[in-house]
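Okay, here's what each chain looks like letter by letter:
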Amino acid sequence: MSDLMPFEAARAQLLAAVRPVSEYEVVALAAARNRVLAEPIHSPIAIPERDTSAMDGYAVRAADVAEPGVTLPVTQRIPAGSVGVPLQPGSAARIFTGAPLPEGADAVVMQEMIEAHGDHVTFHHAPRPGEAVRCAGSEVAHGARVLEAGTRLRPQEIAMAASVGCAHLPVFRRVKVALLATGDELVAPGEPLPPGGVYNSNRYQLIALLEALGCLVTDLGAIPDTLEATCDALARAAEDADLILSTGGVSVGEADHVKPAVERLGRLDLWRLRIKPGKPLAFGHVGATHFVGLPGNPVSSFVTFLLLVRPLLLRLMGVDDVLPHVIEVPAAFAWTRPDKRREFLRARLNADGAAEIFPDQGSATIASLVWAQGLVEVPEGTPIAPGDRVRFWPMSELLA
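Computed from a prediction, not measured in an experiment: that's the story for all the values here.

A.B. asks: Is there a simple way to explain unusual backbone geometry in this structure?
C.D. replies: With the exception of glycine, most residues fall at negative phi, and the peptide bonds are largely trans. With an omega of -10 degrees, the peptide bond running from Ile 47 to Pro 48 counts as cis. Tracing the chain through its elements places Pro 48 in the loop between β2 (41–42) and β3 (52–53). Cis geometry is found at the peptide bond from Lys 276 to Pro 277, where omega equals 0 degrees. With phi around 60 degrees, Ala 132 is a residue other than glycine that occupies positive phi space. Take Ala 132: it is sitting in the loop between β9 (120–123) and β10 (133–134). Phi is positive for Arg 272, which is not a glycine, with a value near 80 degrees.

A.B. asks: Help me understand the nonpolar core, please; the structure alone is not making it clear to me.
C.D. replies: By size, the foremost hydrophobic cluster in this structure holds 49 residues, and its most contacted members are Leu 245, Phe 305 and Leu 313. Among the secondary structure elements, those contributing two or more residues to this core are α1 (7–17), β13 (176–182), α3 (201–213), β17 (243–247), β21 (289–294), α6 (298–317) and α8 (395–398). If one sorts the elements of this core by residue count, α6 sits on top with 13 residues. If we ignore the near neighbours within four places in the chain, the residues touching Phe 305 are Leu 206, Leu 209, Leu 210, Leu 213, Leu 245, Leu 294, Arg 310, Pro 311 and Leu 313. One finds Leu 227, Val 258, Ala 282 and Phe 291 within the second-largest nonpolar core, a separate group that totals 18 residues.

A.B. asks: What's the story with the pairing of β21 in this structure? I'm lost.
C.D. replies: In summary, the side chains of a regular strand alternate between the two faces of the sheet. Counting buried residues in β21 gives six out of six residues, a clear majority hidden from the surface. Alternating residues of β21 divide into Thr 289, Phe 291 and Gly 293 and His 290, Val 292 and Leu 294, and every residue in both groups is buried. Inspection of the sheet shows β17 paired to β21 by five bridges, in the parallel sense. In the sheet register, Leu 245 faces β21, and the bridge partner there is Val 292. Sheet analysis places strand β20 (residues 282–286) next to β21, joined by five bridges and oriented antiparallel. The residue of β21 that forms the bridge with Val 286 is Thr 289.

Here is what the cut-offs are and how they apply
- Residues numbered from 1 in each chain as written.
- Predicted model: local features only at pLDDT ≥ 70, side-chain atom pairs only at ≥ 80, totals over all residues.
- Heavy atoms only, no water.
- Helix = DSSP H or I, 4+ residues; strand = E, 2+ residues; numbered from the N terminus.
- Core = buried A, V, L, I, M, F, W, Y, C linked by side-chain atoms within 4.5 Å.
- Buried < 20%, exposed > 50% of the residue type's maximum accessible area, 1.4 Å probe, protein only.
- Contact = heavy atoms within 4.5 Å.
- Pairing = 2+ DSSP bridges.

Shown next, in the form of structure tokens:
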């Protein structure tokens, strides 16, 4: 095991080896989801632009309602989207949520605290200056930086951009990934399954993961198990990709040609990790193009993608915060025979918030991925007893 690279060291090496793409484009707000901001966004307006009412009620000068029981005439009505006239002393304005306060008003009394008498209202509450008022610029000051460069745009960031009037955003270009799978046993779904064949689940799994991140995927399909075919596919993939991602063929079997092919065309910087599942993972370069070779078993491929390839791709995309947020939870299981490698077990949280694990942790058991809500991390050589605290990697973070 001494020649296997520890998990944290491998992740650090991968992240240190890549730099974000530099080219960017301007896209419409509606097309910006999951893209990465190339420049910070500053607000050209204040939010709100003027003091506005935080609720439906009556705008007043607080000094005019110094105590409960005061009755004032209502001299105007101000719905959202309109601006009233200056409020005369000794009067009130009917106002609605989001409407600007009329000049002279400094408080709003909610409508449940008044009693209406025709065009007059009696106040059962004496407001303080500023009560129920959203002050101008209290959410966003004019010129404030509202979004940082390197931010991956979720719906809430897009809403922020829209709220300050941005119709277009500068974003880094999409990262281009060339995907290939190796294995003569691979069969496309929908085709008859011959003896010894397996359906190529990794191909569709990885396409879905890559496209969910916003990558542009070139699918090279399944490559025959020969060194020449593997070299040819890698050379073609390197022509226009930022990253070549392969699955299978990175172990030490006679039919595993990816490692020697990468070494022939470029260099291999990392091979074999001290993790389970996923030991046979490779990282290097084909020419100037980054290369990652994932294991062929579907669970190993899925887990190593989430733990190592996803942060690498986010870094290439220009994202600053590329690591998922991990939580600690109690274990609802026993793990009495730990491996010498770091283990990542398919798990979910029970009603008490404790982690349960799927009964079959085999690296070919796709059902465990469907069932799981996350991964439980088991340090090298560490037994786990029920009630022990364990690190839980939520799928909501790993797939975000």
